[in-house]
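Structural characterization, general
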Amino acid sequence: MSGNNLENISNNHKKTFFLHSLVVSIFFILTIILTFPIILDFNSELPGEGCHDKCHMMWRIWWADHSFENNLDFKNTDYIFYPDGTSIGGNLALFTTGLGVIIFKLTNNLITTYNTIILIGFSFGGYSMYLLSNHFHRNFYSSMVAGIIFTFSSFHFAHSGHHLGLSMIGWIPLYLLILFKTQK
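Okay, so let's go over this structure. Along every chain, residues carry numbers that run from 1 in the direction the sequence is written. Residues qualify for local features only when their pLDDT is at least 70, as the model is predicted, and side-chain atom pairs are given and counted only at 80 or more; totals for whole chains, interfaces and linings, by contrast, use all residues. Each side-chain value is derived from all of the structure's non-hydrogen atoms; neither hydrogens nor water enter the calculation.

A short note on the packing of helix 3 (residues 52–69) against helix 4 (residues 94–107)
Heads up, the condition is: Between N-to-C directions, angles span 0 to 180 degrees; the directions come from axes that are lines fitted to C-alpha atoms, helices contributing only their stretch in contact. Helix and strand labels come from DSSP, where a helix needs a run of H or I of at least four residues and a strand needs a run of E of at least two; each type is numbered from the N terminus. Reported orientations rely on four angle classes, namely roughly parallel under 35 degrees, roughly antiparallel over 145, roughly perpendicular from 65 to 115, and oblique for the rest. Should the near helix be turned anticlockwise from the far one by less than a right angle, the crossing is termed left-handed; should it be turned clockwise, right-handed. In this analysis, two residues are considered to be in contact whenever any of their non-hydrogen atoms come within 4.5 Å of each other. Note on residue categories: nonpolar means Ala, Val, Leu, Ile, Met, Phe, Trp, Tyr, Cys or Pro, charged means Asp, Glu, Lys or Arg, and polar means any other residue, Gly included.
Between helix 3 and helix 4, whose axes approach to 9 Å, the crossing angle comes to 70 degrees. Here helix 3 is positioned roughly perpendicular relative to helix 4, judged by the angle of their axes. Two packed elements cross with a definite hand, and for helix 3 against helix 4 that hand is right-handed. Contacts from Met57, Arg60, Ile61, Ala64, Asp65, Phe68 and Glu69 in helix 3 reach Leu94, Thr96, Thr97, Gly100, Val101, Phe104 and Lys105 in helix 4. When grouped by side-chain class, the residues that make up the contact of helix 3 with helix 4 number seven nonpolar, three polar and four charged.

Pasting the structure below:
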């Protein structure tokens with residue numbers, strides 16, 4: 001390869017990196033704006049009303065962290081339904097719980113962890129739909145609109161305030177993108 005080819009490849013990588021960084025930044029800023037009250041009380045308030053599933057997910061994150069630190073089985077607990085305990089591994093929110101444990105290790109605050117996952121869910125959802133749409137249309141603006149419509153849908157807002165696992169809808173378009181790319 002000649003020097004010009006390597007320079008062109010390097011410039012293309014820089015442009016691609018800049019474009020993807022711009023898209024992620026736009027979705028992150030839109031997420032902060034459209035979920036506005038969350039950012040004001042990020043470390044002390046949860047989105048939505050009541051505790052219900054939110055407290056359940058925070059407990060699951062705490063339990064996973066606690067069980068790893070104390071060499072316990074994170075899918076079973078006798079902390080509830082003592083002395084027999086119960087299985088908590090059948091829930092499909094294992095990925096979200098694992099992500100929560102990583103964030104909890106960094107923040108040491110369950111409310112901050114929960115709110116961080118909400119922000120990641122919205123930002124990642126928009127970005128992954130952008131990638132899927134851009135794969136087919138190769139148009140920045142239409143791909144951004146697709147990402148905005150997908151990630152800021154009423155379904156996503158309604159469920160993100162109560163069901164942490166449903167806030168991670170960004171995996172759906174990413175799965176479809178990988179499926180279409182492997183079919184070529």
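A word on the layout of surface pockets
To find the voids left in a structure, one rolls a probe of water-molecule size over its atoms. Threshold: The definitions used throughout rest on a 1 Å grid laid over the protein atoms alone, on which a cavity is an enclosed set of points accommodating a 1.4 Å probe that cannot get out and a pocket is an open set flanked by protein within 12 Å on both sides along at least five of seven lines; lining residues are those having an atom within 4 Å of a point. Grid points are joined across faces, edges and corners, and a volume is the space filled by probe spheres set on the points.
The space that makes up the second largest pocket amounts to roughly 180 Å³. If you trace the second largest pocket, you find it lined by Thr16, Leu19, His20, Leu131, Asn134, His135, Arg138, Leu177 and Lys181. Among the elements of the structure, helix 1 (3–34), helix 5 (110–137) and helix 8 (171–182) are those that each provide at least two residues to the lining of the second largest pocket. Looking at the lining of the second largest pocket residue by residue, the class counts come to three nonpolar, four polar and two charged.

Some points on the packing of aromatic side chains
The condition is simple: A pair of aromatic rings is counted whenever rings of Phe, Tyr or Trp (Trp by its six-membered ring) have centres within 6.5 Å, and the orientation is called stacked for planes under 30 degrees apart, edge-to-face for over 60 and tilted otherwise. For every residue, the accessible area obtained with a 1.4 Å probe (protein chains only) is divided by the maximum for its type, and the residue is called buried under 20%, exposed over 50%, and partly exposed between those limits.
Overall, the coordinates contain ten aromatic pairs when judged by the stated rule. Judged by centre distance (5.9 Å) and plane angle (10 degrees), the rings of Phe122 and Phe152 are stacked. Here Phe122 is found in helix 5, whereas its partner Phe152 is found in the loop between helix 6 (140–151) and helix 7 (154–160), with 30 residues between them in sequence. Neither Phe122 nor Phe152 differs from the other in exposure class; each is buried. Among the aromatic residues, ring-to-ring pairing joins Trp59, Trp62 and Trp63 into one connected group.

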